[in-house]
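# Coordinate inspection notes
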Amino acid sequence: MYEKFAKNELKNNLFEYATSELSQDAFICWLASYAHEEAEKDAALNECARKMLEMFVPEFEGKNFKLLNVERQVDKIDVLLTVECEKKVYKIIVEDKTYTSEHDNQLKRYVDGLAEKHEENTVIVKGVYYKTGFQSDLSSVEDAHYEIISRGKMLNLMQQYVDKTNNQIFISYYNYWNSKQNLVETFKTLPVVDWSWWAVYGFYDYLHKELQGKKLGSWYGYVANPSGGFHALSVWVLDNEDRIYLNNENKVIVDKEELKKYNDADKQNEKVDETFKYKYSFYFHIRTTLKNGKIKAIIVDWKIENYLKVNESNSLTKEERRKLYKEMRDEFIKLLENNNVKLEKISRIGNGKCVTLGSICLDKNGNYENLKEEIFNISDKYNEILKKIKN
């Protein structure tokens, strides 16, 4: 303990210790309360709170509105704000996430539940999704029509007021998340080998946006496994074009209408007609492992994900499944090698539906631009191989 003081590793910031989503719920409630007419007078916090509500519900901007109530954990809703604006009552759901994400259709359930609860009154239900960590796929949030408030948006708002108040709760919260944002940005200035996991996710988030320009989809996040887990970014072609369908003659099916039929059947977990044999999803992912907070390795894994036909999958024994996976792996490895992709390590075959073909280590001694160039070269090769398969 004394050594930690000596090394200045103990930080005198409440939010270094209050890291749970409940703590963040409390902060949102506390700051929102300063928008109330009878709140403690602190000009910076009073104004910031009202600006935050305008950020949560953009239609409040420029209008006269009044905060009526601030509640926590109502019907499992993290934060529930009640606001009156132009004789209309708004119920504002704030779903707060740090390092987790939404699940089980909870966002829509919260809105529908409140709307049903207040159906006899004129109540407008709005949803806000406040995310301070990273999340690469926000489509379900958008589908639920929630206003997305990122860490960056909140910091940009608070930055305008942090020097105008002496309130230590406000200042500490801003400093805590601003320090994390500064760590995120270090991927641009530090050598890759010195990145923390914050920098890794900063790079993944940057790469996620850059890959969209190459018509590639991606997902990033932590993948847990018995050997310690890793931080991954998976890359595939948009519009399901990474999916390879074979008919009973092992010929690739490329007809768009036919592919749509198979995709729709897959989504509904229904049987497809007898011309469909197997489906593979061919993609690669970037796997980053850290040791003692520093980069240990950055590896590209080439992978296939197997979807056996619904009416055949249950009839295969474990041995038959392993044999089939080995045949598929060997075929795809040949395909990679024929396209000048030299795998440094060939993977063993398991029984899961995801099969790693093999791996390539990336250079961790350069900067983020060197790493991006390596990954873009791989993505170009990936696109080239997919075209050859389907032509």
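Residues numbered from 1 in each chain as written. Predicted model: local features only at pLDDT ≥ 70, side-chain atom pairs only at ≥ 80, totals over all residues. Heavy atoms only, no water.

### Digging into the pattern of salt bridges
What the rule picks out here adds up to 14 salt bridges. The salt bridge involving Glu95 is made with Lys97; its shortest N-O contact spans 3.2 Å. The same class applies to Glu95 as to Lys97, namely buried. One continuous salt-bridge network, built from bridges that share partners, spans Lys326, Arg329 and Asp330. (Salt bridge = Lys/Arg side-chain N within 4 Å of Asp/Glu carboxyl O. Buried < 20%, exposed > 50% of the residue type's maximum accessible area, 1.4 Å probe, protein only.)

### Focus on the nonpolar core
Core analysis: the biggest nonpolar cluster contains 93 residues, and Phe56, Trp195, Phe282 and Trp302 have the highest contact counts within it. Residue contributions to this core peak at nine residues, all from helix H12 (residues 368–390). By size, the runner-up hydrophobic cluster in this structure holds 12 residues, among which are Leu80, Tyr110, Ala144 and Tyr146. (Core = buried A, V, L, I, M, F, W, Y, C linked by side-chain atoms within 4.5 Å. Helix = DSSP H or I, 4+ residues; strand = E, 2+ residues; numbered from the N terminus.)

### As for the packing of helix H7 (residues 168–185) against helix H8 (residues 197–212)
Their axes nearest at 7 Å, the elements H7 and H8 cross at an angle of 65 degrees. Classified by the interaxial angle, the pair formed by H7 and H8 is roughly perpendicular. Together, Trp177, Lys180, Leu183 and Val184 of H7 and Trp198, Ala199 and Gly202 of H8 make up the contact between the two elements. (Axes fitted to C-alpha atoms, helices over the stretch in contact; angles between N-to-C directions. Parallel < 35°, antiparallel > 145°, perpendicular 65-115°, else oblique. Contact = heavy atoms within 4.5 Å.)

### Observations regarding the confidence of the model for the protein chain
With 83% of its residues at a pLDDT of 70 or more, the protein chain has an overall mean of 84. Predicted confidence is poor over residues 1–9, with pLDDT under 50, and the contacts of this stretch with residues over four places away or in other chains come to three contacts. (pLDDT = per-residue confidence, 0-100.)

### Some remarks on helix H3 (residues 43–56)
A rise of 1.5 Å per residue sets the reference length of H3, with its 14 residues, at 20 Å; its end C-alpha atoms lie 20 Å apart and thus fit the reference within 8%. Here H3 lies mainly inside the structure; 10 of its 14 residues are buried. Along H3, the positions that sit buried rather than exposed are Ala44, Leu45, Asn46, Cys48, Ala49, Met52, Leu53, Glu54, Met55 and Phe56. (Expected span 1.5 Å × (residues − 1).)

### Regarding the sheet that holds strand E3 (residues 88–97)
The five strands are arranged E1-E2-E3-E4-E5 in an open sheet whose pairing can be described as mixed. Each edge of the sheet is formed by a strand with only one pairing partner; in this case those strands are strand E1 (65–74) and strand E5 (146–150). For this sheet the average axis-to-axis angle between neighbouring strands, irrespective of direction, equals 25 degrees. Relative to E3, strand E2 (residues 77–85) runs antiparallel, the two being bridged by seven bridges. Within E3, the position partnered with Val83 by the bridge is Tyr90. Across the face of the sheet, helix H2 (residues 21–33) comes into contact with E1, E2, E3 and strand E4 (123–131) while running at roughly 160 degrees to E1. Most of the contacts of helix H4 (residues 106–117) go to E3, to which it runs at about 155 degrees, and overall it touches E1, E2, E3, E4 and E5. (Pairing = 2+ DSSP bridges.)

### Topic: the pairing of E3
Counting buried positions over the 10 residues of E3 gives eight, a clear majority of the element. Here E2 folds back onto E3 in antiparallel fashion, the turn holding two residues, of which Glu86 has a positive phi close to 50 degrees. Taken together, the nine bridges between E3 and E4 define a ladder with parallel strand orientation. Among the inter-strand pairings, Lys91 is bridged to a residue of E4, identified as Val125.

### Details of unusual backbone geometry
Phi at Lys76 is positive, roughly 70 degrees, even though this residue is not glycine. Inspection of the secondary structure assignment puts Lys76 in the loop between E1 and E2. The phi torsion at His145 lies on the positive side, around 65 degrees, for a residue other than glycine. If you trace the backbone, His145 turns up in the loop between helix H5 (139–143) and E5. Accessibility expressed as a relative area gives 70% for His145, which makes it exposed.

### Notes on the pairing of E4
Note: E4 against E5, five bridges, orientation parallel. Of the residues in E5, the one forming a bridge with Tyr130 is Ile149.

### Quick look at the packing of aromatic side chains
Aromatic ring pairs: the centre-centre distance and the angle between the two ring planes describe each pair. Taken as a whole and judged by the stated rule, the model has 30 aromatic pairs. Geometrically, the ring pair formed by Tyr201 and Tyr204 is edge-to-face, given 6.0 Å between the ring centres and 65 degrees between the ring planes. Taken together, the residues span about one helical turn, with Tyr201 and Tyr204 both in helix H8 at a distance of three residues. Exposure remark for Tyr204: the relative accessible area of 1% places this residue in the buried category. Note on Trp302 and Tyr382: the rings are 6.3 Å apart at their centroids and 50 degrees apart in plane angle, and the pair reads as tilted. With Trp302 in strand E11 (residues 294–308) and Tyr382 in helix H12, this pair connects stretches of sequence that are 80 residues apart. You can call Tyr382 buried: its relative accessible area is 0%. Counting every residue linked through ring pairs, the aromatic cluster contains Phe134, Tyr176, Trp177, Trp197, Trp198, Tyr201, Tyr204 and Tyr220. Its guanidinium or amino end placed over the ring of Phe376, Lys214 lies 4.8 Å from that ring's centre, counting from NZ or CZ. Geometry around Phe230 places Arg287 over its ring, the cationic atom sitting 5.7 Å from the centre. (Phe/Tyr/Trp six-rings, centres within 6.5 Å; stacked < 30°, edge-to-face > 60°. Lys NZ or Arg CZ within 6 Å of the ring centre and 35° of its normal.)

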